Structures are given as structure tokens and as C-alpha cells.
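# Survey of secondary and tertiary structure
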Amino acid sequence: MSNLRDKYTLVIGLEVHAQLLTRSKIYNTDSTEYGSLPNTNVGVITLAHPGTLPRLNKKVVEYAIKMGIACHSNITRFNIFDRKNYFYPDLPKGYQITQDRTPICKTGFVTIRTKEGEKEIRLNRIHIEEDAGKSMHLAAETDTLVDFNRAGVPLIEIVSEPDMRTSDEAYAFLTEIRKLVRYLDICDGNMEEGSLRCDANISVMLKDSKTYGKKVEVKNMNSIRNVQRAIEYEFDRQIEMLEKGEPIISETRTFDAGDGKTYGMRTKEELNDYRYFPDPDLSPMEVSQAWLDEIHATMPPLPRELYQKYVSEYQLPEYDAHVLTDSKDVALYFEEVCKLTKNYKAASNWVMGPVKSYLNELTLSADEFPLAPSIIADIIALIDQGKINFATASQRVFPELLKNPGKSALEVAQQLNVIQDSSQDTILPIVEQVIKEFPLKVEEYKNGKKGIISMFMGEVMKRSKGKADPKVATQLLTSKLEEV
């Protein structure tokens with residue numbers, strides 16, 4: 001199959017639904033709380049009782065605009081809401097209120113990082129819509145149960161152009177979208193709970209072709225990895241069909257995570273099947289310049305901006321910048337440390353190393369880390385001043401501070417008696433004694449075995465109980481060994 005793949009180009013477009021972190025639904029005051037008992041977050045508007053009228057949640061529009069700004073989109077100033085008509089058991093009204101002709105955000109792009117470098121994935125649109133309920137198909141049950149709690153929960157749908165050519169690019173795009181919604185605090189990005197969902201539109205065409213093939217839409221994927229797996233399977237399935245001379249059917253398919261295969265569900269609906277028309281119960285909405293300016297002013301720092309800052313201003317390696325900006329809470333903690341020290345590389349090492357290890361071990365966010373950024377900055381200062389080394393700081397001082405977060409780094413270092421001695425008058429006698437006790441090793445050093453100096457250093461550190469400044473001790477050892 002790998003040889004056959006070389007004949008074809010894979011074409012991928014993604015539709016990402018992000019559930020917005022509002023306390024109430026998009027058109028009424030019903031709660032959006034996840035995990036409530038079935039059919040408890042429902043009222044007369046959610047259940048589409050006759051005579052009930054929707055009222056737009058302003059926060060939903062604000063969150064959608066924030067995502068548009070983050071994706072370099074054009075914000076639509078005059079918005080109309082549309083009815084998308086289709087029947088499904090968990091859609092109480094028999095139609096979904098969405099945006100067809102005037103999506104809140106048009107065009108834009110998301111920059112992804114791949115092994116080949118950076119690539120811009122264009123966006124077609126970002127629009128606002130409501131979610132449907134959830135059908136429950138329980139094992140061994142003949143009936144389907146319906147939970148309407150999710151009906152009316154606010155969503156934005158982020159629709160890409162078919163710009164991705166590999167499953168790795170799709171993986172990177174979804175990862176970046178999840179990172180953005182989390183930085184903006186508009187969605188928790190949890191695919192397992194369904195607050196971030198993805199449909200993949202997949203087609204193949206011959207390498208030299210300019211015309212896209214028939215696309216297949218794959219739904220029901222609950223992880224970024226499964227999106228990648230579904231794309232890989234579809235690539236091979238569609239190639240196999242084309243090689244056999246079989247036509248690709250434009251259909252909706254579902255992905256089975258168990259066997260890694262996709263299965264047909266229904267033929268793909270066309271736009272005219274939905275009978276879009278303006279919702280008569282919702283007035284048009286205008287986004288004023290004042291409101292747009294207000295939203296711009298509340299935008300947080302975004303991962304790409306921080307990444308560029310860390311590489312150019314802080315002179316950090318690209319790897320460090322990538323790891324530090326992977327999650328907002330870690331990036332903001334690192335930012336606070338950098339306000340208190342100019343040794344940015346040391347700050348990066350501490351946050352990526354001991355701090356993240358602690359957070360990962362206990363499954364905590366940086367917001368829950370017990371040590372203030374000032375404590376990490378103080379530890380860095382003690383190391384830079386030569387009072388302790390990194391090994392002592394990370395293995396002894398740091399664990400003790402975690403047990404006593406109210407103490408200063410200097411206090412703990414003093415209590416542990418690990419403050420380094422940089423006095424030559426104290427270290428020189430120890431160096432001389434070690435050299436005197438190992439004449440054979442001295443001969444080996446003189447005969448060119450320079451690596452043996454680590455043995456001498458080990459003896460010096462052991463006899464000084466780890467308090468000798470390694471830099472001073474190394475200088476004295478090298479000097480004395482050359483004199484012998």
C-alpha cells in the first residue's frame with residue numbers, strides 16, 4: 001500500500017466543534033454543567049415548548065470573536081441567525097439555530113508546526129450554533145434513551161479549508177486549536193467529555209490532478225490520536241477502491257476505535273437538504289466597534305506570541321519555547337518567574353524540570369503548584385551566587401521547600417547546612433590532602449589520563465560534605481595536579 005500511496009495525494013479538511021465555557025445555554029438560562037443527571041438541565045425553551053422564544057447569550061458571541069481574533073479572521077459586524085432543518089431524536093425543535101450566510105468569523109488561518117517546518121492552514125469560517133442532545137444506546141437494550149441536557153449548549157464550529165495533506169498535519173492542527181481555546185479560556189478542550197469534537201473530511205486524488213476527489217466525512221472521534229488513525233485508514237480504503245475502479249461514495253462514516261476502521265452511516269446530505277432560512281425569532285445582531293475594541297483589550301497572550309518572545313527576547317532554544325507554551329498555566333507561571341530573574345535559561349530548566357515533574361506526578365496545574373514564582377527565582381539566585389549547586393538545589397532544597405512552602409530558599413539551605421564554601425583557604429587543605437593520599441592516581445593524571453580528575457573531585461566533595469564550591473575545587477585541583 002505504501003507504493004500505491006505515492007500515486008495519490010491525501011486531502012483533509014477538519015470541522016472542529018468547541019463547547020463554550022458559559023454557565024448557561026446559548027438561548028436560555030438552563031445550566032451547561034457537565035455530568036448532571038439526565039434531563040435535569042432542561043427548561044421550556046430547551047424542550048421547544050410552543051410559544052417559547054430564544055434570547056442570545058452575549059458571552060457566546062464574545063468567546064467566538066476571541067477565537068476569531070486569535071485565528072486572524074475577519075469579524076462579521078452584522079450577523080443573522082439561521083435555522084438548519086433536519087430531524088433527529090435529540091433535536092427537540094426539529095431544527096438547529098446556527099449561522100449559514102453570516103458566520104461570526106470569516107477566513108483566517110492557524111499556523112502549525114510539523115517536521116518539515118511551519119505551515120498555515122486556512123480557515124473557511126468560524127460560526128456559532130447550538131448543540132443537540134445525546135442519544136443513549138445502552139448494551140442489550142432495544143430502546144434508545146435521550147438526554148436533552150446538552151441541547152442548546154453553545155458551540156463554535158471552526159471549519160478549515162482542505163489544506164492538510166497528512167494525518168500528522170491534522171494532528172498538529174487539532175492540537176493547536178485545543179491549545180488556543182484553552183489559552184482563551186473559552187473551552188476546556190476535553191475531547192473525552194465531548195467538549196471538543198472533530199469531523200474529518202477526507203478525499204484522495206492522483207498526484208498530478210488539480211481536482212479534488214469525492215470527500216467522505218468521518219464522525220465520532222473522541223481523541224486527536226483517533227482522528228489521525230481514522231484519516232490513515234480512509235486514505236488506504238479510498239485508494240484501494242479507486243485502484244479497483246470502484247466509485248467513492250460521498251457519505252458520512254463513523255470510526256470504531258476498537259478495530260481502527262470506519263463504517264458507513266448514511267449518504268452525505270447536501271446543503272439544500274437542510275433548507276436554511278433566517279430564524280424569525282432572533283433579531284439580527286450587530287457587533288459595534290466599541291465592543292470589538294473592548295474584546296481586543298481583554299485578549300490574553302497567545303501561545304505563538306509567547307513562543308516568539310521566548311526565542312527572540314529570552315534567547316531560549318526552540319524546544320524550550322515549545323514545551324513552555326504547551327499549556328497556558330505553565331507559560332504564565334514561567335512568565336512570573338522571569339519577572340524576578342534575568343537568568344531565563346535557568347528559569348526554563350527549573351520550570352520544565354523539577355516543577356513540571358511535580359505537576360505531572362500529582363496531576364496538577366501550575367495554578368495549584370505550592371511554591372510561588374519568587375521561590376524559584378530565589379533558588380536560581382542562590383545557584384548564580386555560588387551558594388548552592390543545581391544538584392543540591394533540586395535534590396535537597398526543592399523537596400524541602402515543597403514541604404515548607406512558607407520558608408525562603410536561603411532559610412531551607414541554611415537549615416540543611418548545604419550552603420557552599422567558596423573560600424580557597426577552606427578548600428585548599430582538603431585538595432592537598434586528597435592529592436597526597438592518592439599518589440598512583442596522580443601519576444595516571446600526569447600520564448595523560450585527565451578524566452581521573454572526577455575521582456579527585458568526588459573525594460573533595462565527600463570530605464567537604466558536599467559544601468565545597470565545585471568551580472573553586474576544580475580550579476584548585478587542576479592547579480595543584482599540574483604542580484606535582
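Everything here concerns the structure above.
Within any chain, residue numbers begin from 1 and follow the written order of that chain's sequence. At least 70 in pLDDT is required for a residue's local features to be given in this predicted model, at least 80 for side-chain atom pairs to be given and counted, and no such filter applies to totals for whole chains, interfaces and linings, which use all residues. The basis for the side-chain values is all heavy atoms of the structure; hydrogens and waters are excluded.

## Here we look at the environment of T29
What counts as a helix is a DSSP run of H or I of at least four residues, what counts as a strand is a run of E of at least two, and both are numbered from the N terminus. Inspection of the secondary structure puts T29 in the loop between β1 (8–19) and α2 (58–70). For T29 and E232, which are 203 residues apart along the polypeptide, the C-alpha to C-alpha distance reads 42 Å.

## Section: the sheet that holds strand β4 (residues 82–85)
A pair of strands is treated as paired once DSSP finds two or more bridges between them. The three strands lie next to each other as β5-β4-β16, forming an open sheet whose pairing is antiparallel. Looking at the sheet topology across the chains shown, the edges are occupied by β5 (95–98) and β16 (277–278). When β4 meets β5, the two strands line up antiparallel, connected through four bridges. Residue pairing in the sheet places D82 in a bridge with T98 of β5.

## Here's the deal with helix α11 (residues 390–403)
When the terminal C-alpha atoms of α11 are compared, their 19 Å separation across 14 residues agrees well with the 20 Å that a helix rising 1.5 Å per residue should span. Here the bend at a residue means the angle between the axes of two seven-residue stretches, the one that ends at it and the one that starts at it. Remark: the principal bend of α11, roughly 35°, maps to V397, with a proline, P399, within the next four residues. Using a 1.4 Å probe on the protein chains alone, a residue whose accessible area is under 20% of its type maximum counts as buried, one over 50% counts as exposed, and one in between counts as partly exposed. Among the residues making up α11, those that are buried are T392, A393, S394, V397, F398, L401 and L402. Buried residues along α11 sit in contact with α9 (344–362), α10 (373–384) and α12 (409–415). Here a polar contact means two N or O atoms within 3.5 Å. Within protein one must be a hydrogen donor candidate and the other an acceptor candidate, and residues neighboring in sequence count only if both atoms are side-chain atoms. Capping of α11 at its N-terminal end is provided by N389; its side-chain oxygen lies 3.3 Å from the backbone amide nitrogen of A391. An expected span of 1.5 Å times one less than the residue number is assigned to each helix. Any two residues whose heavy atoms approach within 4.5 Å are treated as being in contact.

## Topic: the pattern of salt bridges
Salt bridges are defined as contacts in which a side-chain nitrogen from Lys or Arg sits within 4 Å of a carboxyl oxygen from Asp or Glu. Scanning the entire structure with this criterion turns up 32 salt bridges. Residues D236 and R5 are paired through a salt bridge, measuring 2.8 Å at the closest nitrogen-oxygen approach. A residue pair is termed long-range when its members are at least 10 positions apart, and D236 in helix α4 (residues 224–243) and R5 in helix α1 (residues 2–5) qualify at 231 residues. Residue classification places D236 among the partly exposed residues on the basis of a relative accessible area of 23%. A residue is classified by how much of its surface remains accessible, and R5, at 22% relative accessible area, is partly exposed.

## With respect to the pairing of strand β14 (residues 251–256)
Pairing analysis gives three bridges linking strand β13 (residues 216–221) to β14, with the strands arranged parallel. Considered in β14, the bridge of E217 is made with T252. Clockwise travel from the first strand over the helix to the second, with the strands pointing away from the viewer, marks a crossover as right-handed. Handedness of the β-α-β unit built from β13, α4 and β14 comes out left-handed. Counting the residues that bridge the hairpin from β14 to strand β15 (residues 261–267) gives four residues, and of these G260 lies at a positive phi of roughly 70°.

## Considering unusual backbone geometry
Despite not being glycine, R275 has its phi angle at roughly 50°, a positive value. Following the sequence through the fold, R275 ends up in the loop between β15 and β16. Despite not being glycine, T363 has its phi angle at roughly 50°, a positive value. By the element assignment, T363 lies in the loop between α9 and α10. A residue is classified by how much of its surface remains accessible, and T363, at 69% relative accessible area, is exposed.

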